[in-house]
Amino acid sequence: MLSTEPRTSHSGQDYLDTNPLEQVQRSPNQSLLPLTATVNKQDRLEIGGCDLQTLVKQFGSPLYVLDEATLRTACRQYREAFNTYYQGTSQVIYASKAWSCLAIVSIVASEGLGFDVVSGGELHTTIKALEAMGWSTEQIAQQIYFHGNNKSHQELIFAIEIGCTIIVDNWLELETLVKLGNQTGTLSIPILLRLTPGIECHTHEYIRTGHLDSKFGFDPNQLDAVFTYVSQQPTLDCRGLHAHIGSQIFERQPHQDLGLVMVEWLKKAQNHGLVLQELNIGGGLGIRYVESDDPPSIEQWVKTVSESVMKACEIHQLPLPKLIAEPGRSLVGPACVTAYTIGSRKEIPQLRTYIAVDGGMSDNPRPITYQSRYRTVVANRMSEPCTETVTIAGKHCESGDILIKDAQLPQTQPGDILVVMATGAYNHSMASNYNRLPRPAAVLVQEGEANLIVQRETYEDLLRQDRLPQRLLS
Ligand SMILES: *Cc1c(COP(=O)(O)O)cnc(C)c1O
């Protein structure tokens, strides 16, 4: 073998789970490609039994491709793990800010999960999907928790009318709810109280402090005052407590500590005569974006939080609360890939080779916003060895519009289909029309069938909200 052999010569197939038995057990958040990913006889990537190149021909480019089996598997693993490890009742609610659209809401709901929404728009989307499934208002209300550190009056009235649980973030909101409750004649508004836990997570480390600089939630030092106030308000039906410590977390210790801290708060509430039945421990389990990412499985994470809460309840001699978790990224992130078409190429000798695709920061703002890293394969060259290192650039008028630095790729041609992995969370939901690019379509794939779930925007869509005052025309 020649010494000029490239150092990295893996192929796109290396990202597949080749052992089909192992796939059944695998936690989606530990996998780079969706669980159904395979390579077909034409050496092309298939997801959900659909050839990616064919999908792009049919639905256009760029294209979000969502694998139904992976999303459903993640939902089930959360539910089943809570049933296995937690001895009280539990509920898993999807943090729909990760990606909220009618089809995803309906899949997640059919797996028995509820919803965390953070705006009137997410609330509206969730209600519309559940109504379409034939749910009654009472059923819908039971499954929705409404978050946010600055909900408007309009949003609060919307939530009160539906009857969903409002996760109260601050004093103004508490007082506003009491007023709105009296105005609307609502007898008891179901609420949870959000607290700042003093546990802060950066991806690979965390800190515990008494005070925390966060815009979300009540300071735990005010707990006595909050409990006193709430216990005097007949309009408020305080059901429990909430805390969320961060996102893309790989350690288990922070959530273990959180369980203990939150049960101590429950004990404190009891001393105020408040019997709180719900404990919402937030979301935050990380997913694998690159090979070196090593998150715990869904099952391991659920085991940790369950055992922590059960142990603390035993110590404090409290009955087990209904334990709620609200994952977003780990449910939908690994289920989706984005397919782009490769276009221009720029080689700067001794420096860098750029390969440009037909999307970028408008359909995936995470790299430019958080310096997030991603992995990619060429869907129509899956077994070809990776022989070059290139930088994948978007098509936006920003030098920083880079999707992946130093990607290992086989030799590519314009027209090849580049697939970026693990793009289900915080991609479509954060997408913009920057440079007036119409937002891409999304398709749901399952056993060889592909269904449009978000239509591609058109140039007309871009003008839909524009108004041209008459006086500008004369
Ligand atoms: C974002 C968020 C979540 C979900 O976080 P993931 O990291 O996507 O699991 C859950 N709860 C709250 C309050 C959040 O802000």
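Here the structure is a predicted model, which is why all the values come from computation and not from measurement. (Residues numbered from 1 in each chain as written. Predicted model: local features only at pLDDT ≥ 70, side-chain atom pairs only at ≥ 80, totals over all residues. Heavy atoms only, no water.)

(A) Looking closely at the UniProt feature "binding site: substrate" (unreviewed entry) in the protein chain. Residues given the UniProt feature "binding site: substrate" (unreviewed entry) here are R329, R366, Y370, E398 and Y426. Spanning 98 residues, the annotated positions stay apart in the fold, the maximum distance between their C-alpha atoms being 27.0 Å. The annotated residues that sit in the lining of the largest pocket are R329, R366, Y370 and Y426. Mapped onto the fold, R329 is located in helix α12 (residues 329–332). Dropping the residues within four chain positions of it, R329 is found in contact with A98, S247, Q248, L285, I287, Y289, P334, R366, A425 and Y426. Looking at where Y370 falls in the secondary structure, it is placed in helix α13 (residues 366–370). (UniProt positions renumbered as here; feature names shortened; annotations may be inferred. 1 Å grid on protein atoms, 1.4 Å probe; cavity = no way out; pocket = protein on both sides within 12 Å on 5 of 7 lines; lining within 4 Å. Helix = DSSP H or I, 4+ residues; strand = E, 2+ residues; numbered from the N terminus. Contact = heavy atoms within 4.5 Å.)

(B) Structural context of the sheet that holds strand β6 (residues 114–117). As summarised here, the arrangement of the eight strands in space is β5-β6-β7-β8-β9-β12-β13-β14, forming a closed barrel in which the pairing is parallel. Here the strands of the sheet are splayed against their neighbours by 30 degrees on average, with no regard to which way each runs. Sheet strands touched by helix α3 (residues 68–85): β5 (90–95) and β14 (322–325). Its angle to β5, the strand with the most contacts, is close to 155 degrees. Contacting β8 (165–168), β9 (189–194) and β12 (236–242), helix α8 (residues 171–184) crosses the sheet at an angle of about 145 degrees to β8. (Pairing = 2+ DSSP bridges. Axes fitted to C-alpha atoms, helices over the stretch in contact; angles between N-to-C directions.)

(C) Representation of the pattern of salt bridges within the structure. As enumerated under the stated definition, the model contains 19 salt bridges in all. Across the pair K268 and D224 runs a salt bridge, and its minimum N-O distance is 3.9 Å. With a gap of 44 residues between them, K268 in helix α10 (residues 253–271) and D224 in helix α9 (residues 223–231) connect regions that are remote in the sequence. The class of D224 is partly exposed, set by a relative accessible area of 36%. Among the ionic pairs, R239 bridges to D237, the shortest N-O distance being 3.0 Å. Judged by its relative accessible area of 25%, D237 is partly exposed. Connected through salt bridges with shared partners, the residues E68, R72, R76 and E111 form a single ionic network. (Salt bridge = Lys/Arg side-chain N within 4 Å of Asp/Glu carboxyl O. Buried < 20%, exposed > 50% of the residue type's maximum accessible area, 1.4 Å probe, protein only.)

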